[in-house]
Amino acid sequence: AQQRLAKMVEPRDEDAALAASAAGLALHAVVLDDFKSYSGRVVAEFNSRGIIAIVGPNGAGKSCLVEGICFALGLDLRSMRAQNLKALVNRTGRDDGVACAVSCVFRARSGAGALCVQRRAIAPADGPARSEFRVQSCSCGSFGWGVEHDQLPWPCDQCEVRVARRSELKALLLRELQLDVDRPDTFVVQQSACASIAQQTPLELLCFIEDFARTAHLRRGVEAEAATVGRLRASLAALGASLSRACAERTRRSPALDAAEELEACRLRLEAAKGAHLRLEIHHLSRAAARHEQAKAALHYG
């Protein structure tokens, strides 16, 4: 069981993918154009290569920023507290606001590489609303850390910007960032869920964090090995009980077994004695026969 446990915690393909993601692309900037409470263009740039914390007073737009990221990544409108696409467009101070867009720019923590994902909502006041996705995957190395805001959201002027279907975007995000946009609960905590999370038991909270950290498969492996160890222990206990019963039965039958062994020894001695007696009789008979033959021979010659 220990060998299986040691083998289980060795790096697997899933762990390698997560490690590659951790050392790969990081969120560089979010560009919001007329999205919800953000009027005009707002650029949120993240210079940290580590953990990013968004802080601010109530009403500053923290939730809208997170919802903008969810919108760009193709999540359902329920993740953005919106009934339809039109509710996402900021029309403050004007009547011609018919569209909004959010772009998420990811760049390599080290070396070349960048990815930009944009979702645009076109929602005219007198017509049906629709949205489209555009992506730019840059590997030419022209996108550096010192990119200017006016270069966003498409910092690379050499790599192609293409329109993508949501299924293509989902596959791209799963491959490049290990994000499953159909399971937002694995990487986004909605504000409405914070109260219920705070009420979880320590074990429930541990499972919740493991799902976010994508280490739940290790816990399940440990649980499976623990179950195997439990079965082995039960088998050993049953074997020990059987041995104890056998020893008790051996102790109970010991006098009878000793008598049987003594009887067998007597039989063997008797057989040995009978064999010796027969050999002695044969010897005597042989000598008597020899003397008889000698006497016959003497009478004949006499």
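1. Here's the deal with the overall build of the protein chain
And then number 1: The helix and strand tally for the protein chain stands at eight helices and six strands.
And then number 2: Per-residue burial over the protein chain gives 30% buried out of 302 residues.
And then number 3: Long-range contacts, defined as pairs at least 24 residues apart, comprise 59% of the intrachain contacts of the protein chain with a sequence gap of at least 6.
And then number 4: Total accessible area computed for the protein chain in this model is approximately 19300 Å², and 57% of it derives from carbon and sulfur atoms.

2. Side note on the side chain of Gln118
And then number 1: By secondary structure assignment, the location of Gln118 is in strand β4 (residues 114-122).
And then number 2: Exposure remark for Gln118: the relative accessible area of 4% places this residue in the buried category.
And then number 3: Among the polar contacts listed, one links the side chain of Gln118 to the side chain of Ser103, at a separation of 2.9 Å.
And then number 4: In this structure the side chain of Gln118 is engaged in a polar contact, spanning 2.8 Å, whose partner is the side chain of Arg134.
And then number 5: Setting aside anything within four residues of it in sequence, one finds Gln118 in contact with Ala101, Val102, Ser103, Glu132, Phe133, Arg134, Pro153 and Trp154.

3. Observations concerning the sheet that holds strand β5 (residues 130-138)
Sheets are built from strands paired through backbone hydrogen bonds, the pairs being either parallel or antiparallel.
And then number 1: Pairing in this open sheet of six strands is antiparallel, and the strands run β2-β1-β3-β4-β5-β6 from one edge to the other. Here the strands that pair on one side only, and so sit at the sheet edges, are β2 (41-45) and β6 (162-164). Taken pair by pair, the neighbouring strands of this sheet meet at an average axis angle of 20 degrees, ignoring direction.
And then number 2: Bridge count between β5 and β6: three bridges; the pairing is antiparallel. Across the sheet, residue Phe133 finds its bridge partner in β6, namely Ala164.

4. Section: the packing of aromatic side chains
And then number 1: What the rule picks out here adds up to one aromatic pair.
And then number 2: Ring geometry for Phe35 versus Phe71: centroids 5.5 Å apart, planes at 35 degrees, classification tilted. Of the two residues, Phe35 sits in the loop between β1 (25-33) and β2 while Phe71 sits in helix α3 (residues 62-72), which places them 36 residues apart along the sequence. In this pair, the class of Phe35 matches that of Phe71, namely buried.

5. Observations concerning the environment of Arg219
And then number 1: With respect to the secondary-structure elements, Arg219 resides in helix α7 (residues 216-252).
And then number 2: Between the alpha carbons of Arg219 and Cys207 there is a distance of 8.7 Å; along the sequence they are 12 residues apart.
And then number 3: The contact partners of Arg219, leaving out residues within four places of it in the chain, are Cys207, Glu210 and Asp211.

6. Quick notes on α7
And then number 1: Over its 37 residues, α7 extends 54 Å from the first C-alpha to the last, a length consistent with the 54 Å expected when each residue adds 1.5 Å.
And then number 2: Ala216, His217, Gly221, Glu225 and Thr228 are the residues of α7 that are buried.

7. Quick notes on the nonpolar core
One broad trend across soluble globular proteins is that nonpolar side chains are buried collectively.
And then number 1: Counting 42 residues, the largest nonpolar core has Val30, Phe71, Leu73, Leu88 and Phe106 as its most contacted members.
And then number 2: Elements that contribute at least two residues to this core include exactly β1, α3, β3 (99-108), β4, β5 and α4 (166-177).
And then number 3: Counting residues per element, this core draws most heavily on α3, at six residues.
And then number 4: When near neighbours in sequence (up to four residues on either side) are disregarded, Phe71 contacts Phe35, Met80, Leu85, Leu88, Val102, Arg119, Arg120, Ala121 and Phe133.

8. As for the side chain of Gln136
And then number 1: Among the structural elements, Gln136 can be located in strand β5.
And then number 2: Here the side chain of Gln136 touches Cys159 through a polar contact of 2.9 Å, landing on its backbone oxygen.
And then number 3: Among all residues touching Gln136, those that are not within four sequence positions of it are Ala114, Leu115, Cys116, Trp154, Pro155, Cys156, Cys159, Glu160 and Val161.

9. Quick look at the pairing of β1
And then number 1: The element β1 is extensively covered by neighbouring structure, given that nine of its nine residues are classed as buried.
And then number 2: When β1 meets β2, the two strands line up antiparallel, connected through five bridges. Within the sheet, the bridge partner assigned to Asp33 lies in β2 and is Arg41.

10. Let's talk about helix α6 (residues 202-213)
And then number 1: For α6, which comprises 12 residues, the first-to-last C-alpha distance of 16 Å matches the rise-based estimate of 16 Å (1.5 Å per residue) to within 8%.
And then number 2: Backbone geometry just after α6 places Arg214 at a positive phi near 60 degrees.

11. Section: the environment of Arg78
And then number 1: Here Arg78 shows up in the loop between α3 and β3.
And then number 2: Each C-alpha atom, one on Arg78 and one on Glu67, is 9.8 Å from the other, the two residues being 11 residues apart in sequence.

Each value, and the rule that gives it
- Residue numbers run consecutively from 1 along every chain, following the written order of its sequence.
- For this predicted model, a pLDDT threshold of at least 70 governs which residues receive local features, and a threshold of 80 or more governs which side-chain atom pairs are given and counted, while totals over whole chains, interfaces and linings are taken from all residues.
- Only heavy atoms go into the side-chain values, all of them from the structure, while hydrogens and water stay out.
- Counting from the N terminus, the helices are the DSSP runs of H or I reaching at least four residues and the strands are the DSSP runs of E reaching at least two.
- Only protein chains enter the accessibility calculation, which uses a 1.4 Å probe; a residue is then buried when its area is under 20% of its type maximum, exposed when over 50%, and partly exposed in between.
- We call two residues contacting when some pair of their heavy atoms lies within 4.5 Å.
- For every accessible area listed, the method is Shrake-Rupley and the probe measures 1.4 Å; residues are considered covered only by the protein chains on display.
- Throughout this description, a polar contact denotes any pair of N or O atoms lying within 3.5 Å of each other; where both atoms belong to protein, one of them has to be capable of donating a hydrogen while the other can accept it, and for residues adjacent in sequence the pair is counted only when both atoms sit in side chains.
- When DSSP finds two or more bridges between a pair of strands, those strands are recorded as paired.
- For every element, the axis is a line fit to its C-alpha atoms; helices are fit only across the contacting stretch, and the angle between N-to-C directions ranges from 0 to 180 degrees.
- A pair of aromatic rings is counted whenever rings of Phe, Tyr or Trp (Trp by its six-membered ring) have centres within 6.5 Å, and the orientation is called stacked for planes under 30 degrees apart, edge-to-face for over 60 and tilted otherwise.
- Any helix carries an expected span of 1.5 Å times its number of residues minus one.
- Working definition of a nonpolar core: buried Ala, Val, Leu, Ile, Met, Phe, Trp, Tyr and Cys residues. They are joined through side-chain atoms within 4.5 Å.

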